[in-house]
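The residues making up each chain are set out below.
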Amino acid sequence: MLSEMDQNQAENLPAEATEGRGILFVVSSPSGGGKGTLIQRVLNKVPNLSYSVSFTTRAPRSGEVNGREYFFIMPEKFEEMIAADEFLEWAHVHCKLYGTARKQVAREIGEGRDIILEVDVQGAASVRQLMADSVSIFILPPSFEVLKTRLTARGTDSPEELNVRLRNAPLELRDYSAFQYVILNDDAELAANQLAAIVFAERARLSRQKRKVKNVVEAFMAKEKDDSN
Ligand code: 5GP
């Protein structure tokens, strides 16, 4: 959800490509779409890429560590952070609150590191509105059956939570066409390679490295002039 303040001033976060600053990659999929594993694989493959650790009011699952998967906080604290405008975006997802801290994102991209945000489709829409230069990627599970099997096998959600997630999945899927890229997550390794390829391709866009390219080309031109004298 975007406050008016968010829309007017995305504090330190330029909407347009600014050379030397990191790229913001926004990755969404329904719960159980496999994006967690995928992102982990990509972080292991791609240098100079970081991950935005979100804040949530949901309880940690077994094996999750505070500050690694999420910062797990109480709803009161979350409300305080909203009031203090500490979120770049936040949303109600599956009856809980989830949000991206403005500070971490601003620091990473300010220092020239690319960053992946893993957010739901509402969060992706908010970021898209704030930062036209961000890159959005939708992870599409191959079928409802596969999604259901993955969620059930994970065994981390109560039957009620599982039902909420399964009910929400088709609604989340409807938003796929608002994304720039879609990865069909059929084969985890292939999907991770595709996501890594998107990161590398976006880095090679001329609009993101105009100055650097111009300097190299000008150095060539100067050399040609020297040689012809
Ligand atoms: P889970 O509880 O399964 O970890 O995540 C549930 C949903 O919340 C997923 O769709 C996930 O992408 C989304 N989510 C995680 N962090 C954020 C966030 O910071 N903002 C928003 N809008 N969604 C998030």
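Please read these numbers as outputs of a predicted model, since none were measured by experiment.

(A) Seen up close, the environment of Gly 123. Checked against the element boundaries, Gly 123 lands in helix H5 (residues 121–130). The spacing of Gly 123 and Trp 90 is 33 residues in sequence and 6.3 Å in space, taken between C-alpha atoms.

(B) Inspection of unusual backbone geometry at higher detail. Positioned with a positive phi, Asn 48 is a non-glycine residue whose angle comes to about 60°. Within the element layout of this structure, Asn 48 appears in the loop between helix H2 (35–45) and strand S2 (49–51). On the accessibility criterion, Asn 48 (44% relative accessible area) is partly exposed. Positive phi values are uncommon outside glycine, yet Asp 85 reaches one of about 60°. Along the polypeptide, Asp 85 turns up in the loop between helix H3 (75–83) and strand S5 (87–93). Judged by relative accessible area, Asp 85 falls into the buried class, the value being 15%.

(C) Representation of the pattern of salt bridges in the model. Scanning all chains against the criterion turns up 19 salt bridges. When the shortest N-O distance is used, the salt bridge between Asp 157 and Arg 61 registers 3.6 Å. Placement of Asp 157 in the loop between helix H6 (144–154) and helix H7 (159–173) and of Arg 61 in the loop between strand S3 (54–56) and strand S4 (70–72) is noted, with a sequence separation of 96 residues between them. The class for Arg 61 is buried, based on a relative accessible area of 16%.

(D) A look at the side chain of Glu 202. Mapped onto the secondary structure, Glu 202 falls in helix H8 (residues 188–203). Under the relative-accessibility criterion, Glu 202 is labelled buried at 2%. Not counting chain neighbours up to four residues away, the residues in contact with Glu 202 comprise Ile 23, Phe 25, Val 135, Tyr 181 and Arg 208.

(E) Fine view of the site of the ligand. With respect to spatial proximity, 19 residues lie near the ligand, and among them Ser 54, Arg 58, Tyr 70, Tyr 98 and Arg 165 are the closest. With the chains in place, 97% of the 510 Å² that the ligand exposes on its own is no longer accessible. Broken down by secondary-structure element, the contributors of at least two residues to the shell around the ligand are S5 and strand S6 (96–101). By residue class, the composition of the shell around the ligand is five nonpolar, seven polar and seven charged.

(F) Expanded view of the packing of aromatic side chains. All told, the structure shown has seven aromatic pairs when counted by the stated rule. Ring plane angle 75° and centroid distance 6.5 Å describe the contact between Phe 78 and Trp 90, whose orientation is recorded as edge-to-face. Here Trp 90 lies in strand S5 and Phe 78 lies in helix H3, a separation of 12 residues in the sequence. The pair Phe 78 / Trp 90 is uniform in exposure class, with both members buried. Put simply, the rings of Phe 55, Phe 71, Phe 78, Phe 87 and Trp 90 pair up and form one aromatic cluster. For the cation-ring pair, Arg 128 lies above Phe 179, with the distance from its terminal atom to the ring centre recorded as 4.8 Å.

Definitions and limits used
- Residues numbered from 1 in each chain as written.
- Predicted model: local features only at pLDDT ≥ 70, side-chain atom pairs only at ≥ 80, totals over all residues.
- Heavy atoms only, no water.
- Helix = DSSP H or I, 4+ residues; strand = E, 2+ residues; numbered from the N terminus.
- Buried < 20%, exposed > 50% of the residue type's maximum accessible area, 1.4 Å probe, protein only.
- Salt bridge = Lys/Arg side-chain N within 4 Å of Asp/Glu carboxyl O.
- Contact = heavy atoms within 4.5 Å.
- Near = heavy atom within 4 Å.
- Areas by Shrake-Rupley, 256 points an atom, 1.4 Å probe, with all protein chains shown as cover.
- Nonpolar A, V, L, I, M, F, W, Y, C, P; charged D, E, K, R; others polar.
- Phe/Tyr/Trp six-rings, centres within 6.5 Å; stacked < 30°, edge-to-face > 60°.
- Lys NZ or Arg CZ within 6 Å of the ring centre and 35° of its normal.

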